Structures are given as C-alpha cells and as structure tokens.
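Listed here are the chains, written in short residue letters.
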Amino acid sequence: MRTVAVGLVAVMILTGTAYSQGEVMPWTELHRVPLPDELPPHPRVFCTQAEIDRIRADYEAGDPFTRLCVDEIVSRAEAAASAVDESGRPTRHDFARTALLAQASALTGDERFGRMALERLLHAAEIAPELEPTRARGLFTDSTLAEGPLAVDAAMAWDLIAGAEWITEKQRAQIEDDLLRRIGWESGHRCGHRNSSNWRSWALAIVASCGFATGDRELIDEAVNGAWDPQRNAYLYGAVQQIAHSIFADGIHWERSVGYSYYTASALQWVLLAAENSGIDLWHAEIPGILGPFEGGANHEEFGPPGARSIKYMLDAQFYQAFPDLSFARINDSGTRRLAYHPIYELAWERYRDPKYAWLISRERERDEDAPAWWSLWRPAGEGEAGAVDHARSGSTAWRLTTGERGRVALVQNVTVPADQQVTVGGWVRALEMDGASAHIRCNFDGETVFTTRVTEAGEWRRVECTIDPVEGAETGQTRSIRLHVFLEGGAGEVIWDDITVHAGDAAHNYARNPGFEARATDGRGTSFFDLVHAPAEVPEGHFSLADDATIGLVGTNESGCTNFPVGGFTILRSDPIDEDAPAVNLTWGPYGSGHDHPDRLAIAVYGQGRILCPDAGSWGYDDPMHLTWANQTIAHNTLTVDEVSQYPQEDSDSIWASERGDRRVFGVQHLFHAGEHLKAARFTCETAYDGVTMDRTVCLVGGYLVDIFRATSEDERLYDLALHGAGALTTNAVLAGLSDDALTARGYEHFTNARGGEAPNVVRAIFADDDASLLMLQTAPDGAQIIAADDPVKSGMAPTSCVISRVRGQDAVWVSVLEPFAESPSVEDLSVSKSGEGLLVRVTHREGADSLTLPSDPGGALRLLRQGPTGEEIASDEAVAAAAN
C-alpha cells in the first residue's frame, strides 16, 4: 500500500537552496548546463559526418537496408528538383523538399543536389527579411507550431551542405543571417508561449535547429538553458526548465494529455539530438527539479520531492497510462488512442537501453514485417494474411491479401500531394476468391473519406479508381496528406494488388511510393533519413508488462498491476493487467494542467471486455464549437457537476483555453492507493473545483466489478448532478418520461437528446449495451434523487454513447454505484448500502457469493473488504489503510 497526496508544497529546493512557501526564487539561481567553447564542424545538427561516412560505407558494401533508403531518398530528391515552386513564398513542404535534396547530396556526394538545395535556401533567404511574423509568430507559416518542422528541415538542409567549398561567404551569411537566424529569433525566441507548453517545446526546436546550424551562441544557450527576457519580464524556458519543471517527478507532462506528451517529445527530440551532437548531453544531465515558483517562471508548482529529473520520466510514463489492451483513456485534449511507437524511442533505446523501449520498437518492426517497403500492414486482432507473390500484373512482384469470414486487412501508406489540384487514386486488383469480401482503396484526408470502385467477385485484373477534389482556395505549393488503405474486408476472400497510383492533375508523377511492391523492407525499420541515421539495425525483443512492479520517475509506481502518478494526478486500477477483458478504471484528480486540461476533477473512465465502456469526452477539435460547449464542460465527464456549472477554472468562461487565475489552484488530494490481491482501491477529495463544496470519491476494484462511492458536501443547498456516460444504448428500471425542451438548457446540457426523467428507485439498474460488450450499473442514490437518461452528442468517427445522471438538491449527498462490464450476462445481482459505526457498509451479491466493503467517513480511515462464498463462508479479506494526506 502506498499513500501519496498532492497539496501545497511547503519547501522548495533548487540547486541546494531552500525557499519557504510563498517565496520566489531568482531566475539567476536556475540550474545551467555548460556549453562547449567550440562547436564541431558541419554537419552537426541532426547527424554527424561520422554517421554520413558510415552510411556511405554500408551502401558501398551492399547493405540492403542502406541501399533501399538511399535509393529512395535520391529518387524523391529527383522528383523534388522539379516540384519546388520558386516564384513565391516557399511552403513548409518546399523546405522538406530542400532537405531531401541536401540529404541526397550528403549521402551520395552528388554536388548537383547540393547546389539545388543551396538555390532554394537562397531563394528563401531573399524573401525572409520581408516577411512579417503572424500573430502566432509564423514567418513562412501561420504559427510557431507550423514553423517548427519547417525550421528543422531548413536547418538540416543547410547543415548538410554548409561545409561545401563552392558556397561563398556572401551566400553563407545570407542563409545564416537572413533566413535561419530570422526564423530562430522571430518564430522561436519571440513565441508568445514562454514556459511549459507544447508551443514552447516547438519554439525550442526552432531555436535549437537554427542556433546550432548557424553557431549562434545566444540561440544555443536559450535552447539549452533558457533566457531571461526583460521586455516580457519572463523567463523563456530552455530544455533544462522543460525537463525540470514541465515534466513532473512521476513523468506526467504539465499539460496532462497523453497526445500532447507525444507531441512535446516530437519537438524535444530535435533539441536533445542537436545538443548532443555538439557535446551537450541532455539525456543524462543531472537536472534538479524545480519545486516551486521562480522569477518569471510558469504559473504552476511542481508537487514532488527534490531530485534529478530526466526526459526519460515522460517517455516511461506513457507505458503505464494504458489499459490492459494498451489503449488510453483519452483524458483532456488527447486524440491518442493507444500506446504507440514514436521515433524518439529509437534515440532513447540507444541512450538508456531500457528493455521496454526495445519491446515497443520490436513490436513496431514486427508489425510491418509482412508489408512491402513504405507500406504498413493494418490487421486488427491479427486477422487476415498478406505476402508477396510473383504472378504480378507488371514487374516481378504483387501483393496478396487474404481474409476469413468478417476479416479485415489493408496495406497503408500516407502520401503528400498538391492541395490545389484534383487527385486521382487507383490500383489494379485480381480477385482469386470472394465470399462476401470487397477489394477497394479507402482514402482518408481532411476529416473526409473517399472510396474507389469495389471488386466483389472473382475475376481477372481490374482497375479501381476514385478522384479527390482540390482544396477550395488552396495556393500553388500548398500540400495535403492522404492516407491510403488498400483493402480487403467484409468477408472471406483472396486478392492480389499491384500498381497503385496517385496522380495530381495531368502530371505523370506517381506520389505513391513503391506502387508495384517491388521493394522490400529488410528488417522492419522505417526508411526515412532519420531512420537511416538513427534507427539501430538490431534491437532485442525487449520486455514490458503492466504486471511488473516498477518505479516511474522519482515517485510514480506500478504495483500489482495498478499505476499511481501522485504528482500528475492519475491513478489506473487494473483487476488483471494482462487479461484484456478484465475491468480497469482511470481516475483523474491532479493539478490543473493548462488550457489542454478539462474541468473534470475526480472523473473516471471505465474499461472492460477489451474496450473503454465509460469514455472521457476527449477533444472535439479546437475549431469545433462543441469543443467549448461539450468537451470542455464538466457534465460531459464521468464526475460531479454542481448547479449546472462546470468546475473551476472553466465555469462559465467562453474560452476553450480557460486557465487558473491569480493564486487560485484546483487539484485533488489523494488519501489512498492500495493494490492488494483481492482489493484495488483509491480515494481522493477535492475542495477547489467548486467554492464551498467538498467532493470525495472512492473507487474499488473487486474481482470483475467496480464499486464507486461518491460523496458531496457543502454548507449551502446545491444542485448536484453525478453523470455516467456509457457506450451504446441505455436501458433502466427507473420509470422515465420525456422532458420538456427547456428542461436541459445549461451549457453542455443543451446537447443531450432523447432526454427522459423520473424518480430514482431504491436501487437504480441501468445497462449500456453496445455490440459484444455491455456495462451494468447498480446505484443507490440520495433520497429524493431524480434520474435523467439521455443520448450524448455523437462525434464523427466515434461510437454513440448514452448518459445517466443522478440529480439531487441538498447539502450532503452520497451515491454508491456498482459497475460491471460483461459480454453475455452480468454476475452482479444486487446492491445494498447501510450506515455503520465507521461510515458505510456496502454489500454486493453476485453469482459466486457476496462481498462486503466497509468505507469509513474519514478519508484517513481503513477500507475493509470481506469476500464470502455461496453459503456465507469467508473466502478472503483485504484491508487498505490510508495515511494522513501530505
């Protein structure tokens, strides 16, 4: 049993100096990593000359992977030579093409490619001084976020050719001063986000890329150590402060969103890599954590003990936020659905040799072993087969897809095409056997889906095709991404695919790579320049299991299959971490983490039967009005709403970026984390989400079901709404009648449809039923409670959900709920709740017997479980003892 609490920090320790609560540390005492006196010669930003020499040697020696990658880079560079539009402002994709030309030059020694890259950089340098930054600090793009990848490509291109003797000093000065330094200072240094956000991470990618490429020591120092900006009276975070203050002691990133953790890593990998190539090792630097405010710093504390911090903490945390099937509860503004491979883990494996990183990389490589080069294989639940065949329509190879009944399998590739031209997608397919299956190509782009014609009967080679209209108002040089799925699905069948084509306008160029499946990936590695330079040739199988006990960062724990992040404020209880059908629950309760957080303290997301059955509202997209009026409203989450107003800091704000104001903070306090053999439990209180209201939630996993006890107290009478959102259609034993149109009109509530209401019975019974997975809810509600059932708004591409709300007006309210995921029929039969001397006695009867839980009123008391068999005999007992909150 572990007990850790989040509250106000009494002592802040930085670089050996102690500061009392309320004191602010001078920025001059921040930890600094020393910079080298001299920088190495070019290339030094994202690769070194030694790495280029190694690749050239491997190519000459005939290494298959190296030849595959280099030949593809040269082929794409040849296409880029004629694709770049030099008449106007270069686009982000133009800079990517310029980087391709420079890569081809460095890898082959072909001066022709290098001179073309130089021409394009000089063209951009001529334009850059005339460009005025946008409000979001973009120069060639609309914002720092979009300028980040562009700056990486521009810096890479220059770095790879900068050592050439045929470049004049005038050209060198023009590219470094007029282009790269201008991007670095305008889009990076002057970014409006100064400290912990993902914006600042991408600003650092710009500052580091341009700084190391030009040798600008001010930019380099800012990228590494940050900088004081007297004009803004603020400290601009460098990588050191991002690691020390933005990544908490348990690995949770300050923004508290899995998706944004990946996004932040995408930026920081360039900073760490560029610094390392110049002798600055930020991977292993001893960086002391920042435990409190400092002059000009971010408006948040880092709750946690002192100690060295590392980016590894954040990379580790991603693994332990997953449910047993490795899916994520999409808490806050996160669209990321499951634990996923990320290129930074290639770098991290080489530097840390952590077996779970090898495991993640190996899984990614094995996933694509049955796919041709530049294609990946999508095969849900292991369905379908794929492989090369020699009876092709053209060339020497085609690709066979086979499915059984209701199977699905597809070859997948992302292609980048001009946005201002009509695109034609096609391919040739020969159906050998078809029994209900369909062979076609699905194209996903810009939130839309277009299908080619379909082949559903066996026969000879036939062409399938579709067209995609240009983006309205797109300019020359603007690009878009299309994700191709070369499919066999919907039934049993066997087909052969060949000659996939993606053409823009009347041009003959095929944007699909390896369209005839001739090239084979040799070992599952990616085939980009990054992979060629940085992906290790051999990675062991590695190991990772949620069943293994582990420490995450300094204070995060994974114990008996349950994970606790006591600083970032997430707790994941798993009944059985290796059984994908076993129930689990994610609870969010920690400190508010910026505008990407949601007003959802003490919310739960419930998993079972291999899927998330009680989801979080997630992100609806910042341009969608529903993001403010639904996703950012407390009623859209599985927690308590008071007086039909969202929790602080959202409240009645019209901003999707509502944030804490002044000295007021919102956070939960953890009183219990227990991962026993028979009982997994956690308890939290929160007094800061609503003025004058204390919320108290205890969640217990007992075998195959979950017990949820939620208590709300206040001095004044308040309207309490406890909501539970479940997948599928909702049925209940409550007698309900349709509500009038004006019954649910508050923000968030107005999106419910098919709303019905009525009195709560003694025990509310509700079932959320969706395909093969369902959820039972039994609930005892407070006296006088009303039940409201409704359908949630449906986001495109997401499964429908329903909601049951238990509403009561009063000062003190207690709800006890049992939630059981099931496939065919639930095991739980009844729920009874009574008061005991210590608090509540909860008794759950089920097919195998009965379980009794004793819950103390005092959060510091002991939680006890007694399990009995069918005849009343004691089977097991467990006790969770809470310590006083820190």
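Heads up: these notes are all about the structure in this document. Counting restarts for each chain, with residues numbered from 1 along the sequence as it is written. The predicted origin of the model limits local features to residues at a pLDDT of at least 70 and limits the giving and counting of side-chain atom pairs to 80 or more, whereas totals for whole chains, interfaces and linings rest on all residues. Heavy atoms throughout the structure, all of them, feed into the side-chain values; hydrogens and water do not.

1. Observations concerning the overall build of the protein chain
And then number 1: When you go through the protein chain residue by residue, the secondary structure sums to 15 helices and 40 strands.
And then number 2: With the radius of gyration taken over C-alpha atoms, the globule rule is written as 2.2 Å times the number of residues to the power 0.38. Expected size for 886 residues packed as a compact globule is a radius of gyration near 29 Å; at 29 Å, the protein chain falls within 12% of this value.
And then number 3: By its C-alpha atoms, the protein chain is 85 × 75 × 50 Å across when sized along the principal axes.
And then number 4: Classification of residues uses two cut-offs on accessible area relative to the type maximum, computed with a 1.4 Å probe and protein chains only: under 20% is buried, over 50% is exposed, and between them is partly exposed. Per-residue burial over the protein chain gives 60% buried out of 886 residues.
And then number 5: Here, two residues are considered to be in contact whenever any of their heavy atoms come within 4.5 Å of each other. Considering only residue pairs separated by 6 or more positions, the protein chain has 68% of its internal contacts joining residues 24 or more positions apart.
And then number 6: Values of accessible area rely on a 1.4 Å probe in the Shrake-Rupley scheme; residue burial ignores everything except the protein chains shown. Total accessible area on the protein chain stands at roughly 33000 Å², and carbon and sulfur atoms take up 46% of it.
And then number 7: Of note, the protein chain has its 73 positive side-chain charges centred 1 Å away from the centre of its 131 negative side-chain charges. The helix and strand labels rest on DSSP assignments: H or I over at least four residues marks a helix, E over at least two residues marks a strand, and numbering proceeds from the N terminus. For this count, His and the chain ends are skipped, Lys and Arg are scored as positive, and Asp and Glu as negative. Here the site of a charge means NZ on Lys, CZ on Arg, CG on Asp, or CD on Glu.

2. Some remarks on the packing of helix α4 (residues 111-127) against helix α6 (residues 169-189)
In helix packing, the relevant descriptors are the interaxial angle and the interaxial distance, both defined with respect to the helix axes.
And then number 1: Where α4 meets α6, the closest approach of the two axes is 9 Å, and the angle between their N-to-C directions is 50°. By the criterion of interaxial angle, the relationship of α4 to α6 is oblique. The handedness of the crossing between α4 and α6 is left-handed. Contacts between α4 and α6 involve Leu118, Leu121, Leu122, Ala124, Ala125 and Glu126 from the first element and Gln171, Gln174, Ile175, Asp178 and Leu179 from the second.
And then number 2: Only Asp, Glu, Lys and Arg are considered charged, only Ala, Val, Leu, Ile, Met, Phe, Trp, Tyr, Cys and Pro nonpolar, and every remaining residue, Gly among them, polar. Of the residues contributing to the contact of α4 with α6, the split by class is seven nonpolar, two polar and two charged. Fitted lines through C-alpha atoms give the axes, limited to the stretch in contact for helices. The angle between two N-to-C directions lies from 0 to 180 degrees. The labels follow the angle: roughly parallel below 35 degrees, roughly antiparallel above 145, roughly perpendicular from 65 to 115, and oblique for the rest. Each crossing is labelled by how the near helix is turned from the far one, with a counterclockwise turn of less than a right angle marking it left-handed and a clockwise turn marking it right-handed.

3. A look at the environment of Cys191
And then number 1: Position of Cys191 among the secondary structure elements: in the loop between α6 and α7 (198-214).
And then number 2: Expressed as a C-alpha distance, the spacing of Cys191 and Arg711, which sit 520 residues apart in the sequence, is 44 Å.

4. Re the state of the cysteines
And then number 1: By disulfide we mean two sulfur atoms from cysteines, separated by a distance within 2.5 Å. Within the structure shown, the criterion is met by zero disulfides.
And then number 2: The cysteine Cys614 is free of any disulfide, with Cys803 supplying the nearest cysteine sulfur at 9.9 Å.
And then number 3: Classification of Cys614 by relative accessible area gives buried; the value is 0%.
And then number 4: Unpaired in this structure, Cys686 has its nearest cysteine sulfur neighbour in Cys700, at a distance of 19 Å.

5. Observations concerning the pattern of salt bridges
And then number 1: When a carboxyl oxygen of Asp or Glu lies within 4 Å of a side-chain nitrogen of Lys or Arg, that pair is called a salt bridge. Counted by the stated rule, this structure contains 42 salt bridges.
And then number 2: Note that Glu111 is salt-bridged to Arg115, the shortest N-O span being 2.6 Å. Of this pair, Glu111 and Arg115 are both found in helix α4, four residues apart, which corresponds to roughly one turn of the helix.
And then number 3: Its relative accessible area of 37% is what places Glu111 among the partly exposed residues.
And then number 4: The partly exposed category is assigned to Arg115, whose relative accessible area is 36%.
And then number 5: Glu465 is the partner of Arg463 in a salt bridge, and the nearest nitrogen-oxygen pair spans 3.0 Å.
And then number 6: When its relative accessible area of 31% is taken as the criterion, Arg463 is described as partly exposed.
And then number 7: Exposure remark for Glu465: the relative accessible area of 38% places this residue in the partly exposed category.
And then number 8: Salt bridges sharing common partners tie together Arg137, Arg182, Glu186 and Arg190.

6. A look at empty space enclosed by the protein
And then number 1: Put simply, the grid is 1 Å and covers the protein atoms alone, a cavity is a trapped set of points that fit a 1.4 Å probe, a pocket is an open set with protein on both sides within 12 Å along at least five of seven lines, and lining residues have an atom within 4 Å of a point. Grid points are joined across faces, edges and corners, and a volume is the space filled by probe spheres set on the points. In the structure shown here, the tally under the stated rule is seven cavities of 30 Å³ or more.
And then number 2: For the largest cavity, the full set of lining residues is Phe248, Trp254, Asn299, His300, Glu301, Phe303, Pro591, Tyr592, Glu660, Arg665, Val666 and Phe667.
And then number 3: Residue classes in the lining of the largest cavity are distributed as seven nonpolar, two polar and three charged.

7. A few points about the packing of helix α8 (residues 217-225) against helix α9 (residues 239-246)
And then number 1: Between α8 and α9, the least distance of the axes is 3 Å, while the angle of their chain directions is 10°. Here α8 is positioned roughly parallel relative to α9, judged by the angle of their axes. For the pair α8 and α9, contact is made by Ala223, Val224 and Asn225 and by Ala239, Val240 and Gln241, respectively.
And then number 2: Residues that form the contact of α8 with α9 fall into these classes: four nonpolar, two polar and no charged.

8. Some thoughts on the side chain of Gln318
And then number 1: The topology assignment puts Gln318 in helix α11 (residues 311-320).
And then number 2: A relative accessible area of 4% means that Gln318 is categorised as buried.
And then number 3: Setting aside anything within four residues of it in sequence, one finds Gln318 in contact with Val258, Ser261, Tyr262, Phe328, Leu339 and Tyr345.

9. Some details on the side chain of His534
And then number 1: With respect to the secondary-structure elements, His534 resides in helix α14 (residues 529-534).
And then number 2: Relative accessible area serves as the criterion here: at 8%, His534 is assigned to the buried category.
And then number 3: Two N or O atoms form a polar contact when they lie within 3.5 Å of each other; inside protein one atom must be a possible hydrogen donor and the other a possible acceptor, and for residues adjacent in sequence the pair counts only when both atoms belong to side chains. A polar atom in the side chain of His534 sits 2.8 Å from the backbone oxygen of Phe46.

10. Describing the sheet that holds strand β10 (residues 408-418)
And then number 1: Within the open sheet, the five strands sit side by side as β7-β10-β15-β12-β13. Their pairing is antiparallel. What marks the edges here is a single partner per strand, and that holds for β7 (376-378) and β13 (448-451). Each neighbouring strand pair of the sheet contributes to a mean axis angle of 30°, computed without reference to strand direction. In this analysis, strands are considered paired if DSSP registers two or more bridges between them.

11. Side note on the layout of surface pockets
And then number 1: As a volume, the second largest pocket reaches approximately 1300 Å³.
And then number 2: In terms of lining, the second largest pocket is formed by 41 residues, of which the most central are His193, Trp199, Gly595, His596 and Trp657.
And then number 3: Those elements that place two or more of their residues in the lining of the second largest pocket are α7 and α10 (258-277).
And then number 4: Classifying every residue of the lining of the second largest pocket by side-chain character gives 13 nonpolar, 20 polar and eight charged.

12. Overview of the packing of aromatic side chains
And then number 1: Side-chain rings of Phe, Tyr and Trp, where Trp is taken by its six-membered ring, are said to pair if the distance between their centres is within 6.5 Å; with planes under 30 degrees apart they count as stacked, over 60 as edge-to-face, and otherwise as tilted. This structure, assessed with the given rule, holds 27 aromatic pairs.
And then number 2: Where Trp630 meets Phe752, the ring centres are 5.5 Å apart and the plane angle is 90°; that geometry is what we call edge-to-face. In this pair, Trp630 is assigned in helix α15 (residues 625-631) and Phe752 in the loop between β30 (737-738) and β31 (753-759), connecting sequence segments 122 residues apart. A single burial state applies to Trp630 and to Phe752, both of which are buried.
And then number 3: Grouping aromatic residues by their ring pairs yields a cluster made of Phe319, Tyr320, Tyr345, Tyr357, Trp359 and Phe544.
And then number 4: Seen from the ring of Phe113, Arg112 lies directly overhead, with NZ or CZ sitting 4.4 Å from the centre.
And then number 5: Charge-over-ring placement is defined geometrically: NZ (Lys) or CZ (Arg) within 6 Å of the ring centre, and within 35 degrees of the ring normal. A cation over a ring is seen here: Arg664 above Tyr648, with NZ or CZ 3.7 Å from the ring centre.

13. Focus: the nonpolar core
And then number 1: In terms of nonpolar packing, the biggest core is built from 134 residues, with Phe140, Trp158, Leu179 and Ile311 touching the most fellow members.
And then number 2: Residue contacts for Ile311: discarding those within four places in its chain leaves Ile243, Ile247, Leu268, Leu272, Trp283, Ile344 and Tyr352. By nonpolar core is meant a set of buried Ala, Val, Leu, Ile, Met, Phe, Trp, Tyr and Cys residues that side-chain atoms within 4.5 Å join together.

14. Some words on the sheet that holds strand β40 (residues 874-881)
And then number 1: Here we have five strands laid out as an open sheet, ordered β36-β37-β38-β39-β40, and antiparallel in their pairing. Of all strands in the sheet, those bounded by a partner on one side alone are β36 (828-835) and β40. Between one strand axis and the next, the sheet turns through 15° on average, direction left out of account.
And then number 2: Direction of pairing for strand β39 (residues 862-868) relative to β40: antiparallel, over a ladder of seven bridges. Bridged to Leu866 within β40 is Ser877.

15. Details of the pairing of β36
And then number 1: The sheet contact formed by β36 and strand β37 (residues 839-846) spans seven bridges and is antiparallel. Note that in β37 the partner of Val833 across the bridge is Val842.
And then number 2: Connecting β36 to the next strand, β37, in antiparallel fashion are three residues.

16. With respect to α6
And then number 1: What a helix should span is 1.5 Å times the count of its residues minus one. Spanning 21 residues, α6 covers only 26 Å between terminal C-alpha atoms, well under the ideal 30 Å at 1.5 Å per step.
And then number 2: Along α6, the residues that are buried comprise Arg172, Ile175, Glu176, Leu179, Leu180, Arg182, Ile183, Gly184, Glu186, Ser187, Gly188 and His189.

17. Considering unusual backbone geometry
And then number 1: Residue Pro43 follows His42 across a cis peptide bond; omega there is -5°.
And then number 2: Structurally, the position occupied by Pro43 is in the loop between β2 (17-20) and α1 (49-60).
And then number 3: The omega torsion across Tyr648 and Pro649 is 10°, close enough to zero to call that bond cis.
And then number 4: Along the polypeptide, Pro649 turns up in the loop between β24 (640-642) and β25 (669-675).
And then number 5: For Leu326, which is not glycine, the phi torsion reads 70° and is therefore positive.
And then number 6: Positioned with a positive phi, Ser594 is a non-glycine residue whose angle comes to about 95°.
And then number 7: On the secondary structure map, Ser594 appears in the loop between β21 (584-588) and β22 (603-608).

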